[in-house]
Amino acid sequence: MAATSPGFFGWLRSNSEHYLLVAAHRDLARRTGAPAPRPPRGAKEIFWLKVFAPTYAALPWALRSRIMRAMPGSHRRTWAPPPRAQGPAV
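Residues numbered from 1 in each chain as written. Predicted model: local features only at pLDDT ≥ 70, side-chain atom pairs only at ≥ 80, totals over all residues. Heavy atoms only, no water.

A.B. asks: Please explain helix α1 (residues 7-32) as it appears in this structure.
C.D. replies: Since the α-helix turns once every 3.6 residues, residues separated by three or four places project in the same direction. An ideal rise of 1.5 Å per residue puts 38 Å on 26 residues; α1 measures up with 38 Å between its terminal C-alpha atoms. Among the residues of α1, G10, L12, N15, S16, Y19, V22 and A29 are the ones counted as buried. Of the surrounding secondary structure, the elements contacted by the buried residues of α1 are α2 (42-58). One or two steps after α1, the chain reaches G33, where phi turns positive at roughly 80°. (Helix = DSSP H or I, 4+ residues; strand = E, 2+ residues; numbered from the N terminus. Expected span 1.5 Å × (residues − 1). Buried < 20%, exposed > 50% of the residue type's maximum accessible area, 1.4 Å probe, protein only. Contact = heavy atoms within 4.5 Å.)

A.B. asks: Help me out: how do you make sense of the packing of α1 against α2 in this one?
C.D. replies: How two helices sit against one another is set out by the angle between their axes and by the gap between those axes. Where α1 contacts α2, the axes come no closer than 9 Å and their chain directions differ by 80°. When the axes of α1 and α2 are compared, the pair comes out roughly perpendicular. Taking contact as the criterion, the partners of W11, L12, N15, S16, Y19, L20, V22, A23 and R26 in α1 are, on α2, K44, E45, W48, L49, F52, A53 and Y56. Here the residues of the contact of α1 with α2 are counted per class, giving 11 nonpolar, two polar and three charged. (Axes fitted to C-alpha atoms, helices over the stretch in contact; angles between N-to-C directions. Parallel < 35°, antiparallel > 145°, perpendicular 65-115°, else oblique. Nonpolar A, V, L, I, M, F, W, Y, C, P; charged D, E, K, R; others polar.)

A.B. asks: How should the nonpolar core be read in this particular structure?
C.D. replies: A general feature of soluble globular proteins is that nonpolar side chains tend to end up buried together. Of all hydrophobic cores here, the largest spans seven residues; its members are L12, Y19, V22, W48, L49, F52 and M71. If you list the elements that add at least two residues to this core, you get α1 and α2. Leaving out residues up to four positions away in the same chain, V22 has contacts with P37 and L49. (Core = buried A, V, L, I, M, F, W, Y, C linked by side-chain atoms within 4.5 Å.)

A.B. asks: Honestly, the side chain of R64 in this entry has me stumped. Any pointers?
C.D. replies: Topologically, R64 is positioned in helix α3 (residues 61-70). One buried charge, R64, has no salt-bridge partner; the nearest side chain with opposite charge is D27, at 12 Å. A polar contact is formed between the side chain of R64 and the backbone oxygen of Y56, at a distance of 3.4 Å. (Lys, Arg positive; Asp, Glu negative; His and termini not counted. Salt bridge = Lys/Arg side-chain N within 4 Å of Asp/Glu carboxyl O. Polar contact = N/O pair within 3.5 Å; in protein donor to acceptor, adjacent residues only side chain to side chain.)

This is the structure we're talking about:
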């Protein structure tokens, strides 16, 4: 998994990535007939897998993208502009 930012938003991003991945594995296993990951245990896993992941999946991409851009973190980084050309092209 990618390095996370410190603080609340880093925790949120780390948990989101993890449980969205688990939910995707579960869905893929269901569709292909493969063994699924273990069922959620405890209130934390039940929330992330039964509430957060389906809600996130139901949101339109434009809204998801807007939410991600509003939160601080590495997902807000943009590509650096290309270097200025110097001298004649060779």
